[in-house]
Amino acid sequence: MTEEPKDTCDVIGSQKTNPSRDKDLAPYIKIKVLFFARARDLTGSTELCLEMPDGSTARDCMNKLLIEFPNLREIYNSMVLALNEEYAPESTILRNKDELAIIPPISGG
Amino acid sequence: MDSKEIGSGSSGADLLREIERLRAEKEELESRIHLLEAQIKPRGAAEDKSGSCSLSSLSCSQMNGATISCLSPEMIHRYSRHLLLPDFGVEGQLKLSKSSILVVGAGGLGSPVAMYLVACGVGCLGIVDSDIVELNNLHRQIIHTEAYAGQSKVKSAASSCHAINSSVKLVEHREALQAVNALDIVSKYDIVVDATDNLPSRYMISDCCVLLDKPLVSGAALGLEGQLTVYNYNGGPCYRCLFPTPPPSAACQRCSDSGVLGVVPGVIGCLQALEAIKVASAVKIRGRSPACLICGENAAFTREIFQSFDYENFTQSPMSDKSSEKLNLIPESSRITAIPKSMNIPLSNLEDKLSTIHSALKQAAQDSGKCASLFVVCRRGNDSQRAVDYLSKNGFPLAKDISSEKLNLIPESSRITGKEYNEIVNTGEPHVLVDVRPVHHFKIAAIPKSMNIPLSNLEDKLSTIHSALKQAAQDSGKCASLFVVCRRGNDSQRAVDYLSKNGFPLAKDIVGGLQSWSQDVDHTFPSY
């Protein structure tokens with residue numbers, strides 16, 4: 001179901017996601033984001049890397065993604081987040097190299 | 001039952017089913033009789049103890065009986081590979097056989113779910129669907145065949161299930177599961193499997209399961225991916241906990257719009273069947289071991305240890321085929337080999353080589369001054385039997401074959417056959433029968449009054465055997481004999497070998513174990 005796991009995310013499409021990089025003000029953490037099902041269709045990617053200020057939550061991450069990919073709103077209210085392969089609420093604080101998966105429900109059978 | 005019915009054109013299958021049913025009934029009655037008998041005479045407590053503690057959880061267990069479980073010999077045979085699993089065993093199979101599962105949807109997910117649940121021996125399977133089989137379903141809905149195109153999916157699925165396992169009760173619900181009928185249908189089952197292909201059904205089924213407090217095994221598949229979740233079970237969430245707001249319909253495509261690779265729902269459906277079986281049998285198939293060296297409570301497994309850990313050495317197997325030669329990991333015993341001093345005469349040449357055998361025997365006799373015996377061996381014991389058959393008719397009446405699977409550790413005098421043991425039982429000769437199989441094997445079936453001491457515990461249990469023998473001698477006023485039995489007659493030899501060197505010189509084993517017992521003496525004894 002998922003792509004080969006990769007430890008580093010600097011290879012993956014980070015150029016698209018980081019318009020206001022300001023390393024001097026606060027330390028940044030790197031988050032790997034995985035898109036499943038409809039989320040993949042909407043973003044056109046299976047995964048990408050986000051740089052977030054230290055102390056960011058999963059919600060902050062989602063907000064940033066919604067700016068980058070406005071059409072993600074379609075599923076924003078009906079999806080679950082998984083942090084490092086476990087379901088997690090949006091309030092969870094992220095750490096460097098965390099893996100955040102965006103999982104909309106699928107219904108086929 | 002009465003001759004009129006039999007003669008009046010009942011099909012063979014009907015009769016077989018009736019026989020099966022009656023057998024099960026007979027088994028059940030016998031089991032109850034044994035149980036009551038055991039209550040009347042509460043003696044032999046020492047023997048009972050070995051099995052009773054582990055049996056106490058079984059509601060219909062029976063002490064000292066031929067069948068300790070409620071599984072019929074037919075079931076024991078059919079599900080033997082389940083029973084051999086220590087973590088599943090008789091308990092797991094019994095629970096599964098008493099559970100009823102509703103599969104909603106007989107499509108891509110429902111196909112493997114229904115087939116596996118039926119094959120594995122669920123007690124009752126209900127299938128709900130209102131659809132008709134179409135040819136473009138068949139690439140993934142493997143329960144259906146071309147012959148059923150245009151017919152009800154439920155009918156088709158039930159027919160396949162019946163062909164796989166006719167002992168499972170099947171309930172056909174040829175209708176769509178909807179809010180109006182769901183409570184009624186779902187309430188009849190213990191577990192629900194959501195194998196539907198649409199969002200509203202998923203919410204509906206989940207809500208229904210919450211209302212009726214039924215565990216829900218939910219699966220979904222689309223394109224190249226799938227999802228699997230167990231809802232409403234052991235304090236877990238329901239579908240709405242995860243997805244309180246349904247996605248817009250555009251976000252939730254259907255297979256008929258977006259396509260699906262045939263195997264994908266198959267994989268998810270198999271996992272659903274597995275989860276359903278885990279819930280039904282309440283058997284923890286996988287759990288963390290507190291003593292595990294890697295993830296356990298006192299584990300000290302670090303990245304450094306990990307990086308220097310020799311997994312090939314640990315597992316005694318190579319990580320790739322190519323490295324095996326260099327590493328020499330394959331044990332000597334599994335290399336292609338021949339018994340020293342054996343002579344090779346392929347079965348196909350045997351006819352032409354009789355004189356060679358003749359001279360070899362003559363030579364061996366000359367060398368030793370005694371008459372020489374002739375043994376034949378092959379890979380698995382079939383060709384050697386054919387050879388012995390041929391040799392015995394062509395001048396070598398005493399040829400014997402060595403069955404490669406059978407051990408010949410102890411002398412003939414330390415062995416008796418199942419029939420001989422049966423004589424001993426029938427004449428009431430005082431004795432103790434020790435069954436050296438593992439406990440979970442013993443639970444499958446055992447000879448009446450046998451005591452279970454697994455071979456691995458034998459060393460610690462010599463005193464138990466000693467007191468059992470003493471008790472048997474006291475009860476009868478005569479000396480009691482000691483017999484050992486196992487599944488196939490190898491471990492019993494090892495046990496007798498050990499016993500003979502540790503204070504029980506007269507111990508004997510039953511040749512061929514319970515397998516022979518079942519074949520030669522008690523045909524009702526289950527073979528597994």
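Given the structure is predicted, the values throughout are model-derived calculations rather than measurements. Note that residues are indexed from 1 along each chain, following the sequence as it is written. Chains and ligands are labelled by the order in which they are written, letters from A for the one and numbers from 1 for the other. At least 70 in pLDDT is required for a residue's local features to be given in this predicted model, at least 80 for side-chain atom pairs to be given and counted, and no such filter applies to totals for whole chains, interfaces and linings, which use all residues. The basis for every side-chain value is the complete set of heavy atoms in the structure, and neither hydrogens nor water enter the calculation.

Moving on: the pairing of strand β2 (residues 124-128) of chain B. All names here are of chain B. Burial within β2 is extensive, with five of its five residues counted as buried. A pair of strands is treated as paired once DSSP finds two or more bridges between them. Labels follow the DSSP assignment, with helices taken as runs of H or I lasting at least four residues and strands as runs of E lasting at least two, numbered in each case from the N terminus. The pairing of β2 with strand β3 (residues 169-173) spans five bridges and is classified as parallel. Along β3, the bridge assignment pairs Gly126 with Val171. In terms of handedness, the path from β2 via helix α8 (residues 153-164) over to β3 forms a crossover that is right-handed. Only protein chains enter the accessibility calculation, which uses a 1.4 Å probe; a residue is then buried when its area is under 20% of its type maximum, exposed when over 50%, and partly exposed in between. A clockwise course of the path from the first strand over the helix to the second, judged with the strands pointing away from the viewer, identifies a crossover as right-handed.

So, on to the UniProt feature "active site" (unreviewed entry) in chain B. UniProt positions are given in the numbering used here, feature names are shortened, and annotations may be inferred rather than shown by experiment. With numbering aligned to this structure, UniProt lists the feature "active site" (unreviewed entry) at Cys255 and Cys486 of chain B. Secondary-structure assignment places Cys255 of chain B in helix α12 (residues 255-258). Under the relative-accessibility criterion, Cys255 of chain B is labelled buried at 12%. Any pair of residues with heavy atoms lying within 4.5 Å of one another is described as a contacting pair. Ignoring sequence-local partners within four residues, the contact set of Cys255 of chain B consists of Gly108 and Gly109 of chain A together with Arg140, Ala221, Leu222 and Val260 of chain B. Among the structural elements, Cys486 of chain B can be located in the loop between β12 (481-485) and α22 (491-500). For Cys486 of chain B, a relative accessible area of 4% translates into the label buried. With residues up to four places along the chain from it excluded, the contact list for Cys486 of chain B reads Val436, Arg437, Asp491, Ser492, Gly513 and Leu514 of chain B.

A word on the pairing of β12 of chain B. Within β12 of chain B, four of the five residues are buried, leaving the element largely enclosed by the surrounding structure. Remark: the β12 of chain B/α22 of chain B/strand β13 (residues 508-510) of chain B crossover connection has right-handed handedness.

This part covers the interface of chain B and chain A. Taken together, the 27 residues of chain B in the interface contact 20 residues of chain A. Approximately 1,900 Å² of surface area, both sides summed, lies buried where chain B meets chain A, with 57% of it carried by carbon and sulfur atoms. For salt bridges, the criterion is a side-chain nitrogen of Lys or Arg within 4 Å of an Asp or Glu carboxyl oxygen. The interface formed by chain B and chain A contains one salt bridge. In this structure, Glu225 of chain B and Arg40 of chain A form a salt bridge, with 2.7 Å as the shortest nitrogen-oxygen distance. In the analysis that follows, any N or O atom pair within 3.5 Å is treated as a polar contact, provided that within protein one partner can donate a hydrogen and the other can accept it, and provided that, for residues neighboring in sequence, both atoms belong to side chains. Viewed at the interface, chain A and chain B are joined by 11 residue pairs in polar contact (both at pLDDT 80 or more). At the level of elements, α10 (199-212), β5 (216-222), β6 (225-231) and α11 (239-242) of chain B are the ones that each hand at least two residues to the side of chain B that touches chain A. Residues are grouped as follows: Ala, Val, Leu, Ile, Met, Phe, Trp, Tyr, Cys and Pro are nonpolar; Asp, Glu, Lys and Arg are charged; all remaining types, including Gly, are polar. Broken down by class, the residue content of the side of chain B that touches chain A amounts to 15 nonpolar, eight polar and four charged. Once two parts are put together, the accessible area they lose, assessed with a 1.4 Å probe and summed over both, is termed the buried area.

The next point concerns the confidence of the model for chain A. All names here are of chain A. pLDDT is defined as a per-residue confidence score from the predictor, taking values between 0 and 100. Looking at chain A, the pLDDT average stands at 83 and 76% of residues meet or exceed 70. Below a pLDDT of 50 lies the segment residues 1-8, which in the model reaches nine contacts outside its immediate sequence neighbourhood of four places, other chains included. Within the model, pLDDT remains below 50 along residues 10-19, and this stretch shows 16 contacts once partners closer than five positions in the same chain are excluded.

On to the environment of Asn502 of chain B, then. Residue and element names in this part refer to chain B. Looking at where Asn502 falls in the secondary structure, it is placed in the loop between α22 and β13. For Asn502, a relative accessible area of 31% puts it in the partly exposed group. In this structure, the C-alpha to C-alpha distance between Asn502 and Glu459, residues 43 residues apart in sequence, is 9.0 Å.

All names here are of chain B. A sheet is described by the order of its strands in space; here six strands give the open sequence β3-β2-β1-β4-β5-β6, paired in mixed fashion. Each having just a single partner strand, β3 and β6 make up the two edges of the open sheet. For this sheet the average axis-to-axis angle between neighbouring strands, irrespective of direction, equals 15 degrees. As judged from the three bridges shared by strand β4 (residues 191-194) and β5, these two strands associate in the parallel manner. In the strand pairing of β5, Val193 is matched with Val217. Here α8 sits on the sheet in contact with β2 and β3, set at roughly 170 degrees to β3. Note on geometry: axes are lines fitted to C-alpha atoms, helical ones only across the stretch in contact, with angles between N-to-C directions running from 0 to 180 degrees.

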